[in-house]
Structures are given as C-alpha cells and as structure tokens.
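# Inside the fold
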Amino acid sequence: MIAGLGMTRLGKVYGPSSAQFAADAVRLAAADAGLRLAEVDGLLTSSGVTGGISVDLQRDLGLTDLRLLSHLQAYGSTAGAMIQFASLAVMSGTASVVACVFADSPLRPERGASAIYGTRHAPAGWWGLLGASGVIGANPMYALAARRHMLRYGTTSEQLGHIAVAQRAWASMNPAAQLRDPITVADHQASRWIVEPFHLLDCCLVSNGGIAVIVTTAERAAGMAQPPVHVLGWAQSHRGRYLRRDPDFGLRSGAASAGPAAMAMAGILVTDVDVAELYDCYTFTVLLTLEDYGFCAKGEGGPFVASGVLRPGGKLRLNTGGGQLSGYYMWGMTPVSEAVIQVRGQGGARQAEAHEIALVSGNGGVLDHHCTLVLSSDREAS
Amino acid sequence: MTVGPVIRDEATAEFFDGTAAGQLLLRCCPAAHYSEPAAAQCTTCGVTELHWAPAAGGAALVSWAVTDAKAAAGEQSKRTVLVIAELDEGPWWWSQLDGADADDLAVGLRLRVTFRRPSDEYEAVPVFVLAGS
C-alpha cells in the first residue's frame, strides 16, 4: 500500500537540480507517512527528460544498508511500474519500506519548453533522420496519432477541447496547479496551433519538481500517519511498435490490455471506479485511454467527453487535480499523486464524494508504454 | 518545405548511400519480408540475416499533421505537412509531404518517395510527393 506522498513545489521553480528535487520529495514522503528517513530500506528512482537522477540518490539521502535499490525507465509508465515493483518487493519481504521517486528540472528562466523537449537528439543517424524529415519531438507523433482517430471515428478538435476545459475547471480548485483560470471550448479553439490537429491547449505543461511515494505493507503501515491507500491491481503493456508499421496506432493503446488486467486483479469493473486519474500528455491521450479502459465504446470517446461527463459535478471524476494539462507535469507521478490525495479524502474543494476506488494510468513514449494501477481506501474491493 | 541537416553514422551509412543514389533502402530477409531500415531483425519472422533492398517508391497515406513554423521577421511562415505513409512493401515511413494542400488529403492517397537535401554537405532525406506529380 501507499503510506506516504511527498511533493516539492512544482512548476516554475528555479534553482534546485533534479537530484535535489528528488531528495526533497523522498524526505517529504517519509515525513508524510510518519516515518524516520532511516526506516526506508528500499529506493526506486526515475528521471525525466533532463536525467540527473541515479542510484546515487541513496548517498544524497544518507540511506545506509538498503535492501532494494534500482533506477527505472519506462518513460511515462515508470511511476506505475515503480509502485508495482515496490509492491512486489514488500509482499515478498525483499524490503519493507520502499520509496519511489521521480523528479525533473527542464525549465530554465531563459528558455521555453520546446527548447527542451524538441531538440534533444543530435542530427546524426536514425534519430537525426527523423528530425531532418520534420518529425521533431513528441508533438507531431501524437498529432499523427490523434488525426488517425479523427479519420477513423470522426473525433473532432472541439471534442478534445472539452477535456481541456473540464480539467482546467478541476485545476481551479487545486492550489498546486500551475494553470487555474477557467477556459472555454472557444478559448481552446482560438489557442495557437502547435501541430495540427493540436492546439496549445491540447498539450501538457512542463514543470520542475519532484514527487515521491512510500510503499509498504498494510501491517507495517498500521501505525503510520495517513489514511491507507491500498494497491489492489496493476498491469503493464509495452507494445514495442514505435516507428514501426502499427495498424492500431492512434486507435488502441496498451491501456486496452493492461486496464482490464489490472481491474481483474483488483476484482473491480470499470463501473466501480470512483476517480480516474489518467495520463494526459495531450487531451487525446485521455480520450484514447477512456475508450481503451471501457468507460465508453471504442470510437465513441469524442461524443462521450463532449457530453459534459468530465466537468466537476459530471458523472465521471477525471483528472481532478487538473492533470498534466493544467496541474503539473511530473510524468506518471501526476496521476499517481492526485489519486493518492483523492483516495485519502484530502482533496479539499475538489475532493470526490465517493473515493474508494481510483484507476490510474501511465503512458510513455508515443502510446508505446502503459501501466495501470488500481488504488483503494479498502484492503479489498467491496 | 525544407528538410533539416542530418549526418550519417555507422548504422546509417549504407542507408544514406542509398538516398544519395535516389533509393529508399529497406531491410529484407530470405523469406522476402520487408522491415524498416533501422531493423536489426526481421519484424515478421525475427531472423537476423537481412540484406538491403530498395523500396519501389510507391506509398499510401496513413495519417498527417501540419506544423506551422514560426516565421522569422519579414518571412512568411512555413506550413509543413508531416505524414505517416505505408510503403507498398509494407513498412511505414514518417516524413514530409511536399506540394500538397493539407485540406485535400485522404487516407489511402497515393504518394511517391523522392529525396531532398538542405545543402550538399548533408545527407539526402526521403520525403513524399503526390503520385503522378
């Protein structure tokens, strides 16, 4: 189960390195759980686009005699994968208290996000060829995926706009969110093109900061400080078709296999989900994941999200902290952190009334890596 | 519509020899399955005995996106149509579509591979044009 959550200040926070954010996040998570840092006996680290985090974090934290230590990288699915591995470790007795951390510091006062996420490949070899061809960074790849869904199912940019609008409304109730001013679908449509069919408001933020969670057993957590967040189910799916012929590209992701598997492990149906925290690097990623998880039928994601179901007060509590679009971009730790907050009942003005079951997705690469988690306030799904 | 600079490395040397000669080279296995040029083993049957084989150059449009590069002062902004195209041999390819209006595109539209260089010092890059153009 998840017994601790540590979040540094997130967003345009300049000064600390990624490793310093990571160390701070672990210290905060231990304190949140009511643990002394020295009680941590397992550490899983992960890093974002700027790297800078490794197993050396152990030394930064002064942790001695760890029983588990590794650095993981499966892009946006890493956070869920770390929690899965940590859960397996504590279940098997490999370790008893495992800290899982992500941090990144891509923002500099003097440069924009595109300078970081757009130009990390030297113009040589296969990567250089892709960039020389005009396909630079994630934006065009996801735009090509979204266009394919539009062509096949009639999905529209306005429908994607409803996702951005609903998440901004949720973000307005989250003090940690970077963007809190309400927007309309008209605002979404008027925002500049990034890569058609994506407007600016289809695309996630870039953030500095770090987030960590503490994973332990229910027995070990009995005396700790926070309400329990049990990890009832997990599954990964890594499709391995990036830059290859892929008839499912943009139409179906790893969520279609990992989601049902994780829910089966947890003993729940999609109709049991109280809160959905879905990876939202783009609005389109949310739409595709909703379909793949079975919240609506394949191809009906557009009309589904445009029906008002995602707005605060709507039928589905989705990305209740504003997600990566309006909240903060900590890769897979964005949906994980908000799910922990919601399951605990600590969401303040944005707290979902029913919060027994949270479904969490992580997505990495270009819809190539996926992890699903099912979190619950109860030890078994009721 | 311009391609960017790219230089060869060990893995891409033969491929760029091909583009310099006007060929898009694919990897082909003894069973005549085609794989994308970066493949180290056949994507159909997994064997590692691959040889280079030129694509015929025909392709069909799979998806497209449009970038609108920020214009420098005094210049017109450049709209670039980026596409996924299915080569007639099977593999998909990601590049630009030159000389087409984004409003006139449809899935399955016939395309043809051609090659562009930003300047003589850099490698030739495969791009697409409308078939028959």
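Glancing now at the overall build of chain B. Summing up its helical and strand segments, chain B has one helix and eight strands in all. Referenced to the eigenvectors of the C-alpha coordinate spread, the extents of chain B come out at roughly 55 × 35 × 25 Å. For chain B, buried positions account for 48% of its 133 residues. Look at the contacts in chain B between residues 6 or more apart in sequence, and 48% of them connect residues 24 or more apart. If you sum the accessible surface of chain B, you get close to 6,300 Å²; carbon and sulfur atoms cover 48% of it. Here chain B carries 9 positive and 18 negative side-chain charges, and the mean point of each set is 4 Å from the other.

All names here are of chain A. Note on placement: R311 falls in the loop between helix 12 (301-306) and strand 10 (317-318). With a relative accessible area of 47%, R311 lands in the partly exposed category. Considered as a pair, R311 and A169 are 142 residues apart in the sequence and their alpha carbons are 7.1 Å apart. In contact with R311, other than residues within four places in its own chain, are A166 and W170.

This next bit is on the interface of chain B and chain A. When the parts of a complex come together, some accessible area is lost, and that lost area is often taken as the interface size. Facing 36 residues of chain B, the contacting portion of chain A comprises 27 residues. Here chain B and chain A share an interface that buries about 2,700 Å² over both sides, 66% of which is from carbon and sulfur atoms. Inspection of the region where chain B meets chain A yields three salt bridges. R245 of chain A is the partner of E86 of chain B in a salt bridge, and the nearest nitrogen-oxygen pair spans 2.5 Å. At the junction of chain B and chain A, the tally comes to eleven residue pairs in polar contact (both at pLDDT 80 or more). When residues of the side of chain B that touches chain A are assigned to their parent elements, the largest contribution, six residues, is made by strand 4 (residues 58-69) of chain B. Each residue belonging to the side of chain B that touches chain A can be placed in one class, and the counts come to 23 nonpolar, eight polar and five charged.

Another point: the side chain of Q342 of chain A. All names here are of chain A. On the secondary structure map, Q342 appears in helix 14 (residues 333-344). Side-chain polar atoms of Q342 contact the backbone oxygen of R350, separated by 3.2 Å. Excluding residues within four positions of it along the chain, Q342 makes contact with V275, E277, T320, G347, R350, Q351, A352 and H355.

What follows concerns the packing of helix 10 (residues 255-266) of chain A against helix 11 (residues 283-293) of chain A. What describes two packed helices is the angle between their axes and the distance between those same axes. Residue and element names in this part refer to chain A. Their axes nearest at 8 Å, the elements helix 10 and helix 11 cross at an angle of 50°. One way to sum up the angle between helix 10 and helix 11 is to call them oblique. Read as a crossing pair, helix 10 and helix 11 show a hand that is right-handed. Where helix 10 approaches helix 11, its residues A255, A256, G259 and M263 are matched on the opposing element by T289, D292 and Y293. Each residue belonging to the contact of helix 10 with helix 11 can be placed in one class, and the counts come to four nonpolar, two polar and one charged.

What follows concerns the environment of T334 of chain A. All names here are of chain A. In this fold, T334 is placed in helix 14. Given the relative accessible area of 4%, T334 is considered buried. Residues T334 and G313 lie 21 residues apart in sequence; the distance between their C-alpha atoms is 22 Å. For T334, the residues in contact, after removing those within four places along its chain, are G323, Q324, Y328 and Y329.

The next subject is the sheet that holds strand 8 (residues 230-238) of chain A. Residues and elements named next belong to chain A. Ordered in space as 8-12-11-9-10, the five strands form an open sheet in which the pairing is mixed. Two strands in the sheet have a free side with no partner beyond their single neighbour: strand 8 and strand 10. Pairing analysis gives eight bridges linking strand 11 (residues 357-364) to strand 12 (residues 369-376), with the strands arranged antiparallel. Considered in strand 12, the bridge of S361 is made with T372. Of the strands in this sheet, strand 8 and strand 12 touch helix 3 (residues 78-92), which is tilted by about 125° from strand 8.

Moving on, we come to the sheet that holds strand 1 (residues 25-28) of chain B. Across the sheet, which stays open at both edges, the three strands sit in the order 2-1-3 (chain B) with antiparallel pairing between neighbours. Edge positions in the sheet fall to strand 2 (34-35) and strand 3 (51-54) of chain B, since each of these pairs with one other strand and no more.

A few words now on the layout of surface pockets. Estimates place the volume of the second largest pocket at around 370 Å³. Contributing to the lining of the second largest pocket are 15 residues, with W126, Y242 and L243 of chain A together with E36 and A38 of chain B lying nearest its centre. For the lining of the second largest pocket, the elements supplying multiple residues, two or more each, are helix 5 (125-132) of chain A together with strand 6 (92-98) of chain B. Considering only residue class, the lining of the second largest pocket consists of twelve nonpolar, one polar and two charged.

Residues F85, L88 and M91 of chain A make up a contiguous nonpolar surface patch of roughly 310 Å² in combined accessible area. Here L88 of chain A shows up in helix 3.

Procedures and definitions
- Residues numbered from 1 in each chain as written.
- Chains lettered and ligands numbered in written order.
- Predicted model: local features only at pLDDT ≥ 70, side-chain atom pairs only at ≥ 80, totals over all residues.
- Heavy atoms only, no water.
- Helix = DSSP H or I, 4+ residues; strand = E, 2+ residues; numbered from the N terminus.
- Buried < 20%, exposed > 50% of the residue type's maximum accessible area, 1.4 Å probe, protein only.
- Contact = heavy atoms within 4.5 Å.
- Areas by Shrake-Rupley, 256 points an atom, 1.4 Å probe, with all protein chains shown as cover.
- Lys, Arg positive; Asp, Glu negative; His and termini not counted.
- Charge placed at Lys NZ, Arg CZ, Asp CG, Glu CD.
- Buried area = accessible area lost by both parts, 1.4 Å probe.
- Salt bridge = Lys/Arg side-chain N within 4 Å of Asp/Glu carboxyl O.
- Polar contact = N/O pair within 3.5 Å; in protein donor to acceptor, adjacent residues only side chain to side chain.
- Nonpolar A, V, L, I, M, F, W, Y, C, P; charged D, E, K, R; others polar.
- Axes fitted to C-alpha atoms, helices over the stretch in contact; angles between N-to-C directions.
- Parallel < 35°, antiparallel > 145°, perpendicular 65-115°, else oblique.
- Left-handed = near helix turned anticlockwise from the far one by under 90°.
- Pairing = 2+ DSSP bridges.
- 1 Å grid on protein atoms, 1.4 Å probe; cavity = no way out; pocket = protein on both sides within 12 Å on 5 of 7 lines; lining within 4 Å.
- Points joined across faces, edges and corners; volume = space filled by probe spheres on them.
- Patch = residues over 30% accessible without salt bridge, like charges linked within 9 Å, V, L, I, M, F, W, Y side chains within 5 Å.

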